[in-house]
Amino acid sequence: MRYVGMDTHSKTTTFCVIDDEGKVCKRGKVNSGEAQWLKVVGPWPCEEVSVALETGNMTWWVVDVLRGAGIEPVVVDARQMKLISHSKKKTDKYDARVLADAMRGGLAQRYSVHVPREIARRGRSLLGTRHLIVKQSVAQWHAARGMLRSVGVLMTKNGWKKAEGWERILGHPSVPI
């Protein structure tokens, strides 16, 4: 079995691969990207590789790539894992080794976080975007209605939908256009 610790950042990913005895098989730094991540885990069959990585802004992308290769990574909350968060030695190389060791010893699973599947994330993103658009639309509607009310033009909710309402607003002498 091979245990891989990956410390991912936007430009580079530092990794450490250890075997069952804790001996380092491979270690290094690669450019962050799908092809490079797959090269890190590529030499071994997916059923013989366990990967641990820290939470961060690249997490979802790395998880999707590894899941596509048949590997279910363990995502660790580094703030909860004291080996990383309270360490006086803060280097990417050290963090990758600690993650690999934690994976080998079963400690990584203790501090793991759930990463939802891509379909769930897309649904959440869509709902969040819709919520934001509705919120902005309502805010704009209230701002326009408040501006019109300040010059003495009262507008009902349905008044915006009819051409006569718009003609009345645009024809009012106090409305700044």
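Residues numbered from 1 in each chain as written. Predicted model: local features only at pLDDT ≥ 70, side-chain atom pairs only at ≥ 80, totals over all residues. Heavy atoms only, no water.

Student: In this structure, what is going on with helix 1 (residues 34–41)? I would like to understand it.
Tutor: What sets the pattern is the α-helix's 3.6 residues per turn: residues three or four places apart point alike. Within helix 1, the full set of buried residues consists of Trp 37, Val 40 and Val 41. For helix 1, the angular spread of the buried residues around the axis is 90°, confining them to a single face. Structural note: helix 1 exposes Ala 35 and Lys 39 on the side pointing more than 90 degrees away from its buried face. (Buried < 20%, exposed > 50% of the residue type's maximum accessible area, 1.4 Å probe, protein only. Helix = DSSP H or I, 4+ residues; strand = E, 2+ residues; numbered from the N terminus. Arc of directions from axis to C-beta.)

Student: For this particular structure, what's the right way to read the pairing of strand 4 (residues 49–54)?
Tutor: In the case of a regular strand, side chains alternate between the two sheet surfaces. Judged by how many residues are buried, strand 4 sits mostly within the fold: six of six residues are covered. Along strand 4, one buried face is formed by Val 49, Val 51 and Leu 53 and the opposite face, lined by Ser 50, Ala 52 and Glu 54, is buried too. Where strand 1 (residues 2–8) meets strand 4, five bridges bridge the pair, whose relative direction is parallel. Paired with Met 6 across the bridge in strand 4 is Leu 53. (Pairing = 2+ DSSP bridges.)

Student: Where do I start with the sheet that holds strand 3 (residues 24–31) in this structure?
Tutor: Either a parallel or an antiparallel arrangement is found when strands of a sheet pair, and the pairing is made through backbone hydrogen bonds. A sheet is described by the order of its strands in space; here six strands give the open sequence 3-2-1-4-5-6, paired in mixed fashion. This sheet does not close on itself; its edge strands, each paired only once, are strand 3 and strand 6 (112–113). Note that strand 4 and strand 5 (residues 74–76) share three bridges and pair parallel. Looking at the pairing, Ala 52 lines up with Val 74 of strand 5. Contacts between helix 1 and the sheet are confined to strand 1, strand 2 (12–18), strand 3 and strand 4, with strand 3 contributing the most and set at about 175° to the helix. (Contact = heavy atoms within 4.5 Å. Axes fitted to C-alpha atoms, helices over the stretch in contact; angles between N-to-C directions.)

Student: When you look at the packing of aromatic side chains in this model, what are you seeing that I'm missing?
Tutor: Pairs of aromatic rings are described using the distance from one ring centre to the other and the angle between the two planes. Counted according to the given criterion, the structure contains one aromatic pair. Between Trp 37 and Trp 61, the aromatic rings sit 4.8 Å apart at their centres with planes inclined by 75°, giving edge-to-face as the arrangement. One end of the pair, Trp 37, is in helix 1; the other, Trp 61, is in helix 2 (residues 59–68), with 24 residues separating them in the sequence. The exposure class assigned to Trp 61 is partly exposed, which follows from its relative accessible area of 37%. (Phe/Tyr/Trp six-rings, centres within 6.5 Å; stacked < 30°, edge-to-face > 60°.)

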